[in-house]
Number of protein chains: 2
Amino acid sequence: MDHTGLLIILSSPSGAGKSTLARRLMDWDDSLRFSVSATTRPPRPGEVDGEHYYFIAPDAFRDMVRADQMLEHAEVFGNLYGSPREPVEKAMREGRDTIFDVDWQGGQQIRASALGGHVVSIFVLPPSLPELERRLRARGQDSDEVIAGRMQKSRAEISHWAEYDYVLINDDLDRTEADLRAILTAERLRRDRRAGLGAFVKKLMEDDA
Amino acid sequence: MDHTGLLIILSSPSGAGKSTLARRLMDWDDSLRFSVSATTRPPRPGEVDGEHYYFIAPDAFRDMVRADQMLEHAEVFGNLYGSPREPVEKAMREGRDTIFDVDWQGGQQIRASALGGHVVSIFVLPPSLPELERRLRARGQDSDEVIAGRMQKSRAEISHWAEYDYVLINDDLDRTEADLRAILTAERLRRDRRAGLGAFVKKLMEDDA
């Protein structure tokens, strides 16, 4: 039976495994779609429009915000970032869930939006902060200063854990993936999310001839 | 991490597979306990006190009701039936979930009780009413008249489907069992049900030395 498409908000500090988990979920269920953000910053080498981001001009971005076409948006280092509403509503009409990789501010805005009733929010915690820092260093991409900045941002992000429906501690990727699958399976079975249930029960009662 | 013990209300018309599903869940997770009802009716041959029912005297039953020691109770054909509160609270303190096999009236009373915030309610629908009747007849226990009465009660029971958190259509026992496991797994991961989460995050933030 179809369910009303959900808005799955997945938040975590950088390095807690969120991107890997989102990818695994989409491998598990290919009806899941990932919300591609729009941004006003220029593309970096290798970035594909519509895949990594929708790259749009500042004026066009601000027009979308004014027309309530962004579920959430924020300015970071002078660039605008946001989640376009239209692809999410299209997915919902098709009974498909959308995964949002957003921080606590994005999560708050989406929850407060007109689609807030369809949100399932999940926060992924690292098992420890030294472990988180180890994972960031293992990427080998960033200087000590950048890592210190990321760790500071991580602490701010973690401080918002209590705003989420579910909180997972990612000390084992397979276990956390299984937990996420259970959450999605269960949320789709909630009575108020099963689109055809009223009609099914009506037919059930009538077919008792 | 421990979670606060849940009250799992499993309701369905007779023959929709509820007892089989409850048994399977308890095979899957032996920390689950089944709420044994108290009753004032005399034991039938083979029934064991404390296993099938707690058999108690009408006066003792009414004393328990007055002392708010029954989470729900009802009179059926002159006999009293109820769910004792104390074993449920003990299980909750141990972080264990209790499964209740109760009808919609029992479900309503438990939801309205002081423990209502810990309730997860699940309604199991049969795929069709003729299929339900076929299952009842396949038991070979009951007369046509008794089966007609059960079918009437089933329709009344089904009419309350919209009061439940989750509604499952049991057209495949294995699938329905998997759905129930997902619901229990997810409900235990809800932030507000994870007993040690606040302390975990506090320690997480402090151990960043």
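Anyway, here's the lowdown on the structure attached to this text. (Residues numbered from 1 in each chain as written. Chains lettered and ligands numbered in written order. Predicted model: local features only at pLDDT ≥ 70, side-chain atom pairs only at ≥ 80, totals over all residues. Heavy atoms only, no water.)

Let's talk about the interface of chain B and chain A
Move 1: Contacts between chain B and chain A engage 38 residues on the former and 38 residues on the latter.
Move 2: Interface area for chain B against chain A, summed over the two sides, is near 3400 Å², with a carbon-plus-sulfur share of 66%.
Move 3: Per-residue buried area on chain B facing chain A is highest for R191, L204 and M205 of chain B; these three make up 18% of the total on that side.
Move 4: Applying the counting criterion to the chain B and chain A interface returns 2 salt bridges.
Move 5: With a shortest N-O distance of 3.4 Å, E187 of chain A and R190 of chain B are connected by a salt bridge.
Move 6: For the interface between chain B and chain A, the tally reads 14 residue pairs in polar contact (both at pLDDT 80 or more).
Move 7: At the level of secondary structure, the elements contributing two or more residues to the side of chain B that touches chain A comprise helix 5 (129–138), helix 6 (144–158), strand 9 (166–169), helix 7 (173–189) and helix 8 (197–206) of chain B.
Move 8: With 7 residues, helix 7 of chain B is the largest single contributor of residues to the side of chain B that touches chain A. (Contact = heavy atoms within 4.5 Å. Buried area = accessible area lost by both parts, 1.4 Å probe. Salt bridge = Lys/Arg side-chain N within 4 Å of Asp/Glu carboxyl O. Polar contact = N/O pair within 3.5 Å; in protein donor to acceptor, adjacent residues only side chain to side chain. Helix = DSSP H or I, 4+ residues; strand = E, 2+ residues; numbered from the N terminus.)

Digging into helix 7 of chain B
Residue and element names in this part refer to chain B.
Move 1: If you check helix 7, its first and last C-alpha atoms are 24 Å apart, about what 17 residues at 1.5 Å a residue would give, namely 24 Å.
Move 2: For helix 7, every residue scored as buried is listed here: T176, E177, D179, L180, A182, I183, L184, A186, E187, R188 and L189.
Move 3: Residue D172 occupies the N-cap position of helix 7, its side-chain oxygen lying 3.0 Å from the main-chain nitrogen of D174. (Expected span 1.5 Å × (residues − 1). Buried < 20%, exposed > 50% of the residue type's maximum accessible area, 1.4 Å probe, protein only.)

A closer look at the pairing of strand 8 (residues 119–125) of chain B
Residues and elements named next belong to chain B.
Move 1: Of all 7 residues in strand 8, 7 are buried, a share of seventy percent or more.
Move 2: Side-chain alternation along strand 8 places V119, S121, F123 and L125 on one buried face and V120, I122 and V124 on a second face that is also buried.
Move 3: Across 4 bridges, strand 8 lies against strand 9 in parallel orientation. Within the sheet, the bridge partner assigned to I122 lies in strand 9 and is Y166. (Pairing = 2+ DSSP bridges.)

Things to note about the sheet that holds strand 9 (residues 166–169) of chain A
Move 1: Across the sheet, which stays open at both edges, the 5 strands sit in the order 2-7-1-8-9 (chain A) with parallel pairing between neighbours. The sheet is open, and its two borders are formed by strand 2 (33–34) and strand 9 of chain A, each paired with just one other strand.
Move 2: Bridge count between strand 1 (residues 7–11) of chain A and strand 8 (residues 119–125) of chain A: 5 bridges; the pairing is parallel. Following the sheet pairing, L10 of chain A is matched in strand 8 of chain A by I122 of chain A.
Move 3: The strands touched by helix 1 (residues 18–28) of chain A within the sheet are strand 1, strand 2, strand 7 (98–101) and strand 8 of chain A, with strand 7 of chain A carrying the most contacts at an inclination of about 170°.
Move 4: Lying over the sheet, helix 8 of chain B contacts strand 8 and strand 9 of chain A, oriented at roughly 45° with respect to strand 8 of chain A. (Axes fitted to C-alpha atoms, helices over the stretch in contact; angles between N-to-C directions.)

Section: the relation of the copies chain B and chain A
Copy one and copy two of the chain differ by a rotation about an axis and a translation along that axis.
Move 1: Structural alignment of chain B on chain A gives an RMSD of 0.0 Å, achieved by rotating through 180° and translating 0.0 Å along the axis. What the superposition gives is, in effect, a two-fold axis relating one chain to the other. Taking C-alpha positions as the reference, the residue of chain B nearest the rotation axis is A182 of chain B, at 2.2 Å.
Move 2: Take the interface residues of chain B: 100% of them recur as interface residues in chain A, which is what a same-surface contact looks like. (Least-squares fit on C-alpha atoms with pLDDT ≥ 70 in both.)

Quick notes on helix 1 (residues 18–28) of chain B
Residue and element names in this part refer to chain B.
Move 1: Within helix 1, the full set of buried residues consists of K18, L21, A22 and L25. End-on, the buried residues of helix 1 take up no more than an arc of 100°, which puts them together on one face.
Move 2: On the buried face of helix 1, the contacting elements are strand 1 (7–11), strand 2 (33–34), strand 7 (98–101), strand 8 and helix 7. (Arc of directions from axis to C-beta.)

By themselves these figures say nothing about function.
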